[in-house]
Amino acid sequence: SGWVWNVPADVPTIQAGINAACPGDVVVVACGTYYEHAIQMKSGLELRSETREPDFVTIDAQGLGRVFDCSWLGDVTLIEGFTITGGLLTDAHGAGMYLSFADLTIRDCVITGNAVTSAAVRAPS
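Now for a quick tour of the structure. Computed from a prediction, not measured in an experiment: that's the story for all the values here.

### Description of the sheet that holds strand 8 (residues 83-85)
Here is step 1: One open sheet holds the four strands; their spatial order is 3-6-8-11, and the pairing between them is parallel. Sheet topology places strand 3 (32-34) and strand 11 (110-111) at the edges, where each strand pairs with a single neighbour.
Here is step 2: Direction of pairing for strand 8 relative to strand 11: parallel, over a ladder of two bridges. Looking at strand 11, one finds that Ile84 is bridged to Ile111.

### Brief notes about the nonpolar core
Here is step 1: One finds Ile14, Leu47, Phe68 and Ile79 to be the most contacted residues of the largest nonpolar core, which totals 25 residues.
Here is step 2: With four residues, strand 7 (residues 68-80) is the largest single contributor of residues to this core.
Here is step 3: Not counting the four nearest positions on each side in its chain, Leu47 is found in contact with Ile14, Ile18, Val27, Val29, Met41, Phe68, Leu78, Ile79, Glu80 and Phe82.

### Details of the environment of Ser43
Here is step 1: Checked against the element boundaries, Ser43 lands in the loop between strand 4 (39-40) and strand 5 (46-49).
Here is step 2: With a relative accessible area of 27%, Ser43 lands in the partly exposed category.
Here is step 3: If we skip the residues at most four places from it in the chain, Ser43 touches Pro23, Trp72, Leu73, Gly74 and Thr77.
Here is step 4: Only 2.6 Å separates the side chain of Ser43 from the backbone nitrogen of Gly74, close enough to count as a polar contact.

### Topic: unusual backbone geometry
Here is step 1: At the junction of Val7 and Pro8, the peptide bond is cis and its omega measures out at 5° in the coordinates.
Here is step 2: Along the chain, the position of Pro8 falls in the loop between strand 1 (4-7) and helix 1 (14-20).
Here is step 3: Look at Asp91: it is not a glycine, yet its phi comes out positive at around 50°.
Here is step 4: Position of Asp91 relative to the elements: it lies in the loop between strand 9 (88-90) and strand 10 (97-107).

### Some remarks on the pairing of strand 7
Here is step 1: Of the pairings in the sheet, the one linking strand 4 to strand 7 comprises two bridges and is parallel in character. Bridge pairing in strand 7 links Ile39 to Phe68.
Here is step 2: With three bridges connecting them, strand 5 and strand 7 associate as parallel partners. The partner of Glu46 across the bridge, within strand 7, is Leu78.

What counts and what doesn't
- Residues numbered from 1 in each chain as written.
- Predicted model: local features only at pLDDT ≥ 70, side-chain atom pairs only at ≥ 80, totals over all residues.
- Heavy atoms only, no water.
- Pairing = 2+ DSSP bridges.
- Helix = DSSP H or I, 4+ residues; strand = E, 2+ residues; numbered from the N terminus.
- Core = buried A, V, L, I, M, F, W, Y, C linked by side-chain atoms within 4.5 Å.
- Buried < 20%, exposed > 50% of the residue type's maximum accessible area, 1.4 Å probe, protein only.
- Contact = heavy atoms within 4.5 Å.
- Polar contact = N/O pair within 3.5 Å; in protein donor to acceptor, adjacent residues only side chain to side chain.

Listed below in structure tokens is the structure:
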């Protein structure tokens, strides 16, 4: 097994943990709410909350974009134990989590409160 990266003890953000990790490593996120968006998942990693339960770790994109981009991931890639919320996109897919060519296991996650809006449906100004 690989190295364990602890967020925020070893690295300040979830994305920093993913960026630092190599295939076979584990990124463990401490309890709390993390205000991050456009998180680019990397193949071959385990990303999990310290309790592995979604009630204790929330990733909130605050309407600034998608929460996770999970593209071109190989097997043995895992996301576990998060509440994923606040993703907001216009005319796109996957506000909470975008999956494309992703051999990914998602375990014990709650994906809620994410939205895609259409630019064609805007209130008059």
